[in-house]
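Residue-level structural notes
Okay, here's what each chain looks like letter by letter:
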Amino acid sequence: MYVVTGATGQLGRLVLEGLLAAVPASEVAVAVRSAGRAADLAERGVDVRVVDYDRPETLAGAFAAGDRVLLISGSEVGRRIPQHRAVVDAAKAAGVALLAYTSIPGAATFRLADEHKATEELILASGLPYAFLRNGWYTENYLGDAAGTVERGAVVGSAGDGRVATAPRRDYADAAVAVLLQGGEQNRAYELSGDAAWSLPELAAELAQASGKPVAHRNVTPAEHLDVLLGAGLPQGFAEALVDVDAGIARGELAGTPGDLARLIGRPTVPLAESVRAALGA
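These lines cover the structure that appears in this document, whether it is placed above or below. (Residues numbered from 1 in each chain as written. Predicted model: local features only at pLDDT ≥ 70, side-chain atom pairs only at ≥ 80, totals over all residues. Heavy atoms only, no water.)

**Some details on the side chain of Thr269**
Looking at the element boundaries, Thr269 is found in the loop between helix H11 (260–265) and helix H12 (272–280). Relative accessible area serves as the criterion here: at 7%, Thr269 is assigned to the buried category. Only 2.9 Å separates the side chain of Thr269 from the backbone nitrogen of Asp195, close enough to count as a polar contact. Excluding anything up to four places from it in sequence, Thr269 contacts Ala167, Asp171, Ser193, Gly194, Asp195, Leu261 and Ala262. (Helix = DSSP H or I, 4+ residues; strand = E, 2+ residues; numbered from the N terminus. Buried < 20%, exposed > 50% of the residue type's maximum accessible area, 1.4 Å probe, protein only. Polar contact = N/O pair within 3.5 Å; in protein donor to acceptor, adjacent residues only side chain to side chain. Contact = heavy atoms within 4.5 Å.)

**Quick word on the pairing of strand E5 (residues 98–103)**
Counting buried positions along E5 yields six of six residues, so the element is predominantly enclosed. The two faces of E5 match: Leu98, Ala100 and Thr102 on one face and Leu99, Tyr101 and Ser103 on the other face are all buried. When strand E4 (residues 68–71) meets E5, the two strands line up parallel, connected through four bridges. Pairing of Arg68 across the sheet is with Leu98, part of E5. At this point the chain moves from E4, through helix H3 (residues 80–94), to the parallel E5, and the crossover so formed is right-handed. In terms of strand pairing, E5 meets strand E6 (residues 130–135) through five bridges, oriented parallel. Opposite Thr102, over in E6, you have Leu133 as the bridge partner. Handedness of the crossover is the feature at issue here: the chain leaves E5, passes through helix H4 (residues 113–126), returns alongside E6, and the resulting connection is right-handed. (Pairing = 2+ DSSP bridges. Right-handed = clockwise from strand over helix to strand, strands pointing away.)

**Notes on the packing of helix H8 (residues 200–211) against H12**
Between H8 and H12, whose axes approach to 9 Å, the crossing angle comes to 50 degrees. Our classification of the angle between H8 and H12 gives oblique. Crossing of H8 against H12: the hand is right-handed. Each of Leu203, Glu206, Leu207, Ala210 and Ser211 in H8 lies in contact with H12, whose residues at this interface are Leu272, Ala273, Val276, Arg277 and Leu280. Within the contact of H8 with H12, the residues separate by chemical class into seven nonpolar, one polar and two charged. (Axes fitted to C-alpha atoms, helices over the stretch in contact; angles between N-to-C directions. Parallel < 35°, antiparallel > 145°, perpendicular 65-115°, else oblique. Left-handed = near helix turned anticlockwise from the far one by under 90°. Nonpolar A, V, L, I, M, F, W, Y, C, P; charged D, E, K, R; others polar.)

**A look at helix H9 (residues 222–231)**
Along H9, the residues that are buried comprise His225, Leu226 and Leu229. Along the axis of H9, the buried residues cluster in a sector spanning 100 degrees; they form a single face. The outward face of H9, more than 90 degrees from its buried face, is lined by the exposed residues Ala223, Asp227 and Gly231. Where H9 is buried, its residues contact strand E7 (154–157) and helix H10 (236–250). The first or second residue beyond H9 is Gly233, which carries a positive phi of 95 degrees. (Arc of directions from axis to C-beta.)

**Things to note about the nonpolar core**
Judged by nonpolar contacts, the single largest core of 37 residues is most densely connected at Val4, Val15 and Leu70. Among the secondary structure elements, those contributing two or more residues to this core are strand E1 (2–5), helix H1 (10–22), strand E2 (28–32), E5, E6, helix H7 (169–181), strand E9 (188–192) and H11. Broken down by element, this core gets its largest block of residues, seven residues, from H7. Discounting residues that sit within four places of it in the chain, Val4 has contacts with Val15, Leu16, Leu19, Ala29, Val30, Ala31, Leu70, Ile72 and Leu180. Counting 25 residues, the second largest nonpolar core, distinct from the first, contains Ile104, Leu200, Leu207 and Leu254. (Core = buried A, V, L, I, M, F, W, Y, C linked by side-chain atoms within 4.5 Å.)

Below you can see the structure in the form of structure tokens.
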């Protein structure tokens, strides 16, 4: 069986689409907290297993010997290490054939990387066959409110001219599907990123070109950036984490383009300009 945790999230849904296009639904299972959110998957024949990362006993029947499992990292920053440990322990007890984990680029030193690196260590210590999918940044991270950015006329950040090699979430999902389906390489880390790195000034230029409206890049200090994010309603901890990521981008930690993502999915990654046009409906 192919088992996907966190399958009702944005990335998980795309992974499920890819799996179900390649194998029968009877060979796919999901481990989710809410059966209701996965009701449509159950209707399609997917085995829905209800688990709670905070209650390790619920994971006892989530996996079986020979399963190929994708652990999509949890969303609760600060709680992910014990949650992921519960999944790793259950996978080890079951004797799964592969545990793939959506991690973070190896070059990252910002705080959001800490729990990912700790999870990789847990998986290595388990002795399970593994694949680390070290996902770079999603292009959607910058385009979730593309129309609003154009309306405000500015891309605001504290990364300076730092570059980031993004790809759309679907590209990363396709890579996860490829790793789950392939019977070959394991026990390796894939450094996944877009084919080209870009800067926030370049993002502003792409938004301006696609919209036909002026969009500038406004670089601010980390303190000013934090104030902007808090003013937009983000929680303090999350806002601080994003400012810290921008510092990492300024250091070049998300600029790598080793090509692993394009090789896994068998095509070039979607370029920024195409994603911008799609986000704006241009």
